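Fold and contact review
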Amino acid sequence: MTHKHTNALIEETSPYLLQHAHNPVNWQAWHPEVLERAQKEDKPLLISIGYAACHWCHVMEEECFEDEEVAQMMNENFINIKIDREERPDVDQIYMDAIQMMTGNGGWPLNIIALPDGRPFWGATYLPRENWVKSLEQLTKLYKEDPEKIRGYASDLERGIQSINLVENNAEANTYSLEQLKNSVGEWSAYFDTYLGGYKRAPKFMMPNNLDFLLHYGTSQKDSTVLQYVNTTLTRMAYGGIYDHIGGGFSRYSVDTKWHVPHFEKMLYDNGQLVSLYAKAFAVTKNPLYKKVVEQSIGFVQEELSDESGGFYSSLDADSLNENDELEEGAYYVWTKAALEQLLGADFTLFKDYYNINSYGEWEENYVLIRDKSDQEIADKHSISVEKLKERLSKSLSVLKQAREKRKKPRLDDKILTSWNGLLLKGLVDAYRYMGDKDHLDMALKNARFIESKMLRTSGGLFRNHKNGKSTINGFLEDYAATIEAFIALYEVTFDQKWLDHAKGLTDYTLVHFNDDVSRMFFFTSDEDESLIRRTIETNDNVISASNSIMANNLLKLHKVFPKEGYGERAHRMVKNVQDNFDKNGQSFANWMHLVLYENLNFYEIAIVGEEYKKLGQEIASHYIPNSILVASEKEGGIDLLKNRYNEGQTLIYVCIEGTCKLPVVEAQQALNSI
């Protein structure tokens, strides 16, 4: 196909950047030489940040960036830079902070005008063509006529951007107590929607790290109210339209309070974390719904987001082509009543009741499948057994799946990101750990070997991205944090010390290259990368946990296995630096708060030595014991916990706290009882 325009993005591998490679705008990717050119030419930077599955990014592209007149104006007055926020979260974080300071809100597309050195002075999210052109005209005029005014504003903004990222060194603070934690959860629970799950607001994001902490808190404190809330939320999400009942997997968030109509893009990071969460919840409750969600979500990843190399792709777009060949949000996923009646025939009546093909399930004259009743209720209403109900529904869903596969599929973002692969790897490990399906372990090992062979740099560091055999960007802290966490988890189900050694090696690398001497936290970028306006320190848990909170949890666990390295002291200091936020803002620090439970309650090292180590290890691992780390070997192992523990002819289980062990036992149940 011949294109009228082609710009420098044609050299990139990111599908989002490639989508813009034939715009008439002279887009460049974010590279140091582009910033140098801007300074030589004294032209302001126009930085536009988005991602492949972003609906409004596509809209703005169509209205502004594909328009030749608009492009001409942009090309004459600016150095235009396009950024995939998923490839460059470091740049995105800084400019997102800037726009929130300037306008009070943020989002994508994120459009920033900056001085040639990268310091921002104006920003906006989606703007229609007319407003975009008007804004650029005014900014061009101001830049030419009153550059001092702009430089002054950029300097003020720069100070603001740096100051909101400072982390106080809080080493003198007391350890956060269980009583304080209880009060924090009490404050937080005022926002719980105890009927529909999630929080009392729309849109509703799933926030797996929030639910993961509350599951841990509820089980350790025997708090039935909190556990009931977690189960309500998990059930309602699995019943909702946010979950794809036909193909498995979750969309990003729901636009309403009942989890009905999603923003239809499906992200690897959500599904990785949710697989992990539902697997743990299954271990606690044995609820078959949770098991089904795990299996189907992994099935979705396998079918839609798997590369043959073992890596996993990033996302499926919200938009796809409808019957008129126009891009439309959700076109792939929604149904008309007439289509369902025609496809399902005699089974439509049952299906209609189960998935609410009625006013409850309607959206813009279409239907998004949503449940609000248990299997038993529907079976009773139709006077059939639950088994028969499941059989008929399964048949209906496979008919719809075949019909749906004839539609135009949503666009795929097939770049592979290390941190998101780490999250899915952890999900697969947890699925195997708590549900025992060896296919999930095989998939996990294939992915781990992919990370090991393609994402590990010879220097001992990680790459961020991979596509078409190329990795071009150095890893950020989130890549290390998620990979270390996944490798520790993988060791706990395989007892192959290689994964533990990789986790330790990557941790030691971060301590050298990401370390902040002042706060004892970690920077988001390594000291080997070009400097930006600031080196960000990420502390707030969002839809993905903060890289520092994941690292603190990793350090605490590695301390139990490598007690001489000082990892535990580092984790303890990191928590103290952020704990003032726990009182009033628990939901933004949920992943940190696991450490409060670990530090106030017993944390167990469970060591198994002897021929039956794998069998006993699997038996113990299948129980939900978040406050533990499991190590095992057939004979003497390479780590201290496994030394001098071998007794020929016996497999012994040692339950230890900080290296001090109770008398060994020979049965898994005995060990579990002592915990």
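Here the focus is the state of the cysteines. Taken as a whole, this structure holds 2 disulfides when the rule is applied. Between the sulfur atoms of Cys 54 and its disulfide mate Cys 57 the distance is 2.2 Å. Between Cys 54 and Cys 57, the S-S torsion sits near 85 degrees, and that sign places the bridge as right-handed. Using a relative accessible area of 3% as the deciding quantity, one classes Cys 54 as buried.

This part takes up helix α8 (residues 178–188). Turning to α8, its buried residues are Leu 181, Ser 184, Val 185 and Trp 188. The buried residues of α8 occupy an angular sector of 95 degrees when the element is viewed end-on, so they sit on one face. The exposed residues of α8 that point more than 90 degrees off its buried face are Glu 179 and Lys 182. Each element contacted by the buried residues of α8 is listed here: α9 (208–220), α10 (224–239) and α23 (594–600).

On to the packing of aromatic side chains, then. Overall, the coordinates contain 31 aromatic pairs when judged by the stated rule. Ring geometry for Trp 188 against Phe 192: centres 6.2 Å apart, planes inclined by 70 degrees, an arrangement best described as edge-to-face. With a relative accessible area of 3%, Trp 188 lands in the buried category. Owing to a relative accessible area of 5%, Phe 192 belongs among the buried residues under this scheme. A ring pair is formed by Tyr 269 and Trp 420, whose centres lie 4.8 Å apart and whose planes are at 65 degrees; its orientation type is edge-to-face. Pair noted here: Tyr 269 is in helix α11 (residues 268–285) and Trp 420 is in helix α17 (residues 418–435), with a separation of 151 residues, a long-range link. This pair shows no difference in class: Tyr 269 is buried, exactly as Trp 420 is.

Now for a negative patch on the surface. Negative charge collects at one region of the surface, where Glu 326, Glu 328, Glu 362, Glu 364 and Glu 365 lie side by side. By relative accessible area, which is 38% here, Glu 362 ends up partly exposed.

Here we take up the pairing of strand β2 (residues 79–84). Along β2, 6 of the 6 residues are buried, which leaves the element largely enclosed by surrounding structure. With burial as the criterion, each face of β2 is covered, one bearing Ile 79, Ile 81 and Ile 83 and the other bearing Asn 80, Lys 82 and Asp 84. Bridging between strand β1 (residues 45–50) and β2 involves 6 bridges; their strand directions are parallel. Following the sheet pairing, Ser 48 is matched in β2 by Lys 82.

So, about the layout of surface pockets. If you add up the space inside the second largest pocket, you get close to 570 Å³. Top contributing element to the lining of the second largest pocket by residue count: helix α16 (residues 386–404), with 7 residues. Classifying every residue of the lining of the second largest pocket gives 9 nonpolar, 8 polar and 5 charged.

So, about empty space enclosed by the protein. On inspection of all chains with the given rule, the structure shows 9 cavities of 30 Å³ or more. Considering only enclosed or pocket space, the largest cavity measures out at about 560 Å³ in volume. Only α9, α11, α17, α19 (477–494), α21 (547–561) and α23 provide two or more residues apiece to the lining of the largest cavity. Looking at the lining of the largest cavity element by element, the count peaks at 5 residues for α17. Along the lines of polarity and charge, the residues of the lining of the largest cavity split into 12 nonpolar, 10 polar and 8 charged.

What counts as what
Residues numbered from 1 in each chain as written. Predicted model: local features only at pLDDT ≥ 70, side-chain atom pairs only at ≥ 80, totals over all residues. Heavy atoms only, no water. Disulfide = S-S within 2.5 Å. Buried < 20%, exposed > 50% of the residue type's maximum accessible area, 1.4 Å probe, protein only. Helix = DSSP H or I, 4+ residues; strand = E, 2+ residues; numbered from the N terminus. Arc of directions from axis to C-beta. Contact = heavy atoms within 4.5 Å. Phe/Tyr/Trp six-rings, centres within 6.5 Å; stacked < 30°, edge-to-face > 60°. Patch = residues over 30% accessible without salt bridge, like charges linked within 9 Å, V, L, I, M, F, W, Y side chains within 5 Å. Areas by Shrake-Rupley, 256 points an atom, 1.4 Å probe, with all protein chains shown as cover. Salt bridge = Lys/Arg side-chain N within 4 Å of Asp/Glu carboxyl O. Lys, Arg positive; Asp, Glu negative; His and termini not counted. Charge placed at Lys NZ, Arg CZ, Asp CG, Glu CD. Pairing = 2+ DSSP bridges. 1 Å grid on protein atoms, 1.4 Å probe; cavity = no way out; pocket = protein on both sides within 12 Å on 5 of 7 lines; lining within 4 Å. Points joined across faces, edges and corners; volume = space filled by probe spheres on them. Nonpolar A, V, L, I, M, F, W, Y, C, P; charged D, E, K, R; others polar.

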